[in-house]
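# Residue-level structural notes
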Amino acid sequence: MITGQELQEQGIITGNIDEGNIAQHGIDLNVTRIQRMLEVGFIPKVGKTRLVKYADVEKSKDSESGVELWHLEPGAYNVDFEQGCKIPNDKMLLLRQRSSLLRNGTILHSSVFDAGFETEHIGSVI
């Protein structure tokens, strides 16, 4: 396992990374957009994949703190992060949720980010 500091130093997680993002066992990513999945996509045996259709979830202000947040009803969502990745050819990447997300009922699903994969903005599904 690589530490958060090593992920940054080796350039595996790219983009805007503040000292507050670096944790002992990883880097906390910043959410930039959340989209609700409106209908399922599918991969047919023959023919083209039909992708999921999405609708952006708008931020609202918390009435007590005034902090902007996303209010998510139960369901599936696509999440885009500010940070990207540049994975070396001898490594792979998995996204894992913080325990505070799980305690609030959010389960993040991450496929394997393969060796050699690069993107400016990581995405995942919750």
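None of these values were measured; they are calculated from a predicted model.

## A look at the side chain of Asn21
By secondary structure assignment, the location of Asn21 is in the loop between β1 (13–14) and β2 (22–23). For Asn21, the side chain forms a polar contact with the main-chain oxygen of Asp28, separated by 2.7 Å.

## Focus on the layout of surface pockets
Its boundaries defined by the atoms lining it, the largest pocket holds a volume of some 1,200 Å³. Along the walls of the largest pocket sit 37 residues, with Arg96, Gln97, Arg98, Leu101 and Leu108 positioned nearest its centre. The set of elements that each furnish at least two residues to the lining of the largest pocket consists of β3 (26–27), β4 (31–39) and β8 (77–81). Top contributing element to the lining of the largest pocket by residue count: β8, with three residues. When its residues are assigned to classes, the lining of the largest pocket shows 24 nonpolar, eight polar and five charged.

## Section: the sheet that holds β8
Reading across from one edge, β5-β4-β8-β11 is the order of the four strands in this open sheet, with antiparallel pairing throughout. Looking at the sheet topology across the chains shown, the edges are occupied by β5 (53–56) and β11 (123–125). Ignoring strand direction, the axes of neighbouring strands in this sheet form an average angle of 30°. For β4 and β8, the ladder comprises five bridges, and the chain directions are antiparallel. Within β8, the position partnered with Arg36 by the bridge is Tyr77.

## Details of the confidence of the model for the protein
Of the residues in the protein, 100% reach a pLDDT of 70 or more, and the chain-wide mean stands at 93. Across the protein, the secondary-structure element scoring lowest on mean pLDDT is helix α2 (residues 99–103), at 90, and the one scoring highest is strand β9 (residues 84–86), at 97.

## Quick notes on the pattern of salt bridges
A complete count under the given rule lists four salt bridges for this structure. Between Asp28 and Arg98 there is a salt bridge whose closest N-O contact spans 2.8 Å. In this pair, Asp28 sits in the loop between β3 and β4 while Arg98 sits in the loop between β9 and α2, placing the two residues 70 residues apart along the sequence. In this structure, Lys59 and Glu68 form a salt bridge, with 4.0 Å as the shortest nitrogen-oxygen distance. By relative accessible area, Lys59 is classed as partly exposed at 43%. Owing to a relative accessible area of 48%, Glu68 belongs among the partly exposed residues under this scheme.

## Regarding the sheet that holds β9
Strand order in this open sheet of three strands is β1-β9-β10, and the pairing throughout is antiparallel. Of all strands in the sheet, those bounded by a partner on one side alone are β1 and β10 (118–119). The pairing of β1 with β9 spans two bridges and is classified as antiparallel. Bridge assignment links Ile13 to a residue of β9, and that residue is Cys85.

## Description of a nonpolar patch on the surface
Judged by side-chain polarity, Met92, Leu94 and Val112 come together as a nonpolar surface patch covering roughly 280 Å² of accessible area. Turning to its location among the elements, Val112 is positioned in the loop between α2 and β10. Note on Val112: relative accessible area 45%, which makes it partly exposed.

Rules used in this analysis
- Numbering of residues starts from 1 in every chain and runs along the sequence as written.
- Residues qualify for local features only when their pLDDT is at least 70, as the model is predicted, and side-chain atom pairs are given and counted only at 80 or more; totals for whole chains, interfaces and linings, by contrast, use all residues.
- The basis for every side-chain value is the complete set of heavy atoms in the structure, and neither hydrogens nor water enter the calculation.
- Each helix corresponds to a stretch of at least 4 residues labelled H or I by DSSP, and each strand to a stretch of at least 2 residues labelled E; elements are numbered beginning at the N terminus.
- In protein, a polar contact requires one atom able to donate a hydrogen and another able to accept it; more generally it is a pair of N or O atoms within 3.5 Å, and residues adjacent in sequence count only if both atoms are side-chain atoms.
- With a 1 Å grid laid over protein atoms only, a set of points is called a cavity when a 1.4 Å probe fits there but cannot get out and a pocket when it is open yet has protein on both sides within 12 Å along at least five of seven lines; lining residues have an atom within 4 Å of a point.
- Grid points are joined across faces, edges and corners, and a volume is the space filled by probe spheres set on the points.
- For this classification, Asp, Glu, Lys and Arg are treated as charged, while Ala, Val, Leu, Ile, Met, Phe, Trp, Tyr, Cys and Pro are nonpolar and the rest, including Gly, are polar.
- Think of it this way: DSSP has to see at least two bridges between two strands before they count as a pair.
- Note on geometry: axes are lines fitted to C-alpha atoms, helical ones only across the stretch in contact, with angles between N-to-C directions running from 0 to 180 degrees.
- Known as pLDDT, the predictor's confidence for each residue is given on a scale from 0 to 100.
- Salt bridge, as used here, is a side-chain nitrogen of Lys or Arg placed within 4 Å of a carboxyl oxygen of Asp or Glu.
- Relative accessibility decides the category of a residue: with a 1.4 Å probe and only protein chains considered, values under 20% of the type maximum give buried, values over 50% give exposed, and everything between is partly exposed.
- Each patch is built from salt-bridge-free residues with over 30% relative accessible area, joining like charges within 9 Å and nonpolar side chains (Val, Leu, Ile, Met, Phe, Trp, Tyr) within 5 Å.
- Areas reported here follow the Shrake-Rupley algorithm with a probe of radius 1.4 Å; residue values treat only the protein chains shown as occluding.

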